[in-house]
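Residue-level structural notes
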Amino acid sequence: MTDPRIRRTRLHVVETAREMLAARTDEPFTFTTLAARARVSRRTLYTHWGSIEKVIRDVVALRAEDRPVDSPSLSPRDSLRQFLESMRAGIADPVTRFALAALMNQSSHDTDAARSFVDLAVTRTEHFRSSVAPVDQTTYAQLVGPILFAEFLGGEPASDELIDALVDRGVAILGLES
């Protein structure tokens, strides 16, 4: 996807979707409503995403990309902390929170939503690998799962104390510092 026109169109559609999710009107969030609002054809949406769940995934992924974690001057511990704090901040964003909740809710009965949710997890795991340390899915889940639990099931933002505990756990599990 090197064509700048394609990148611009995709970004425009995802930003429009983000605005629509933020507005939370009674209007259904469908390819038809998104195409009309973004002033693109439904065919464009189907060509680039295939399902509305994949658009929602990209709304969440775009928000995650807004918060860079990579910094060569940070220690491994600080890189891990920054990643986890970035995760917490992303979930605190109302649109991202709503989009994640929608994907989670639909994933139990909709294969497109389930695939989109898995794709998002894989993308975030890859980002962790490139900015913090090599990690498998299980270890990644051990480190970010408590943040998701606090935010979605605990009903409160993940505390600084939880982030500190996860950083300590991550340093030990990943062998980041001796």
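Residues numbered from 1 in each chain as written. Predicted model: local features only at pLDDT ≥ 70, side-chain atom pairs only at ≥ 80, totals over all residues. Heavy atoms only, no water.

Some details on the packing of helix 7 (residues 111–131) against helix 8 (residues 137–153)
Between helix 7 and helix 8, the least distance of the axes is 11 Å, while the angle of their chain directions is 90°. With respect to helix 8, the element helix 7 is oriented roughly perpendicular. Taking contact as the criterion, the partners of Ala121, Val122, Arg124, Thr125, Phe128 and Arg129 in helix 7 are, on helix 8, Gln137, Tyr140 and Leu143. Partitioning the contact of helix 7 with helix 8 into residue classes produces five nonpolar, two polar and two charged. (Axes fitted to C-alpha atoms, helices over the stretch in contact; angles between N-to-C directions. Helix = DSSP H or I, 4+ residues; strand = E, 2+ residues; numbered from the N terminus. Parallel < 35°, antiparallel > 145°, perpendicular 65-115°, else oblique. Contact = heavy atoms within 4.5 Å. Nonpolar A, V, L, I, M, F, W, Y, C, P; charged D, E, K, R; others polar.)

Digging into the side chain of Arg10
You can see Arg10 is positioned in helix 1 (residues 4–23). Accessibility expressed as a relative area gives 16% for Arg10, which makes it buried. Within the structure, Arg10 has its side chain in polar contact with the backbone oxygen of His48 (distance 3.1 Å). Within the local environment of Arg10, its side chain forms a polar contact with the side chain of Asp58, the two groups lying 3.1 Å apart. (Buried < 20%, exposed > 50% of the residue type's maximum accessible area, 1.4 Å probe, protein only. Polar contact = N/O pair within 3.5 Å; in protein donor to acceptor, adjacent residues only side chain to side chain.)

Some remarks on the confidence of the model for the chain
In this model, the chain carries an average pLDDT of 87, and 93% of its residues clear a pLDDT of 70 or more. Averaged pLDDT values over the elements of the chain bottom out at 80 in helix 4 (residues 52–65) and peak at 96 in helix 9 (residues 160–174). (pLDDT = per-residue confidence, 0-100.)

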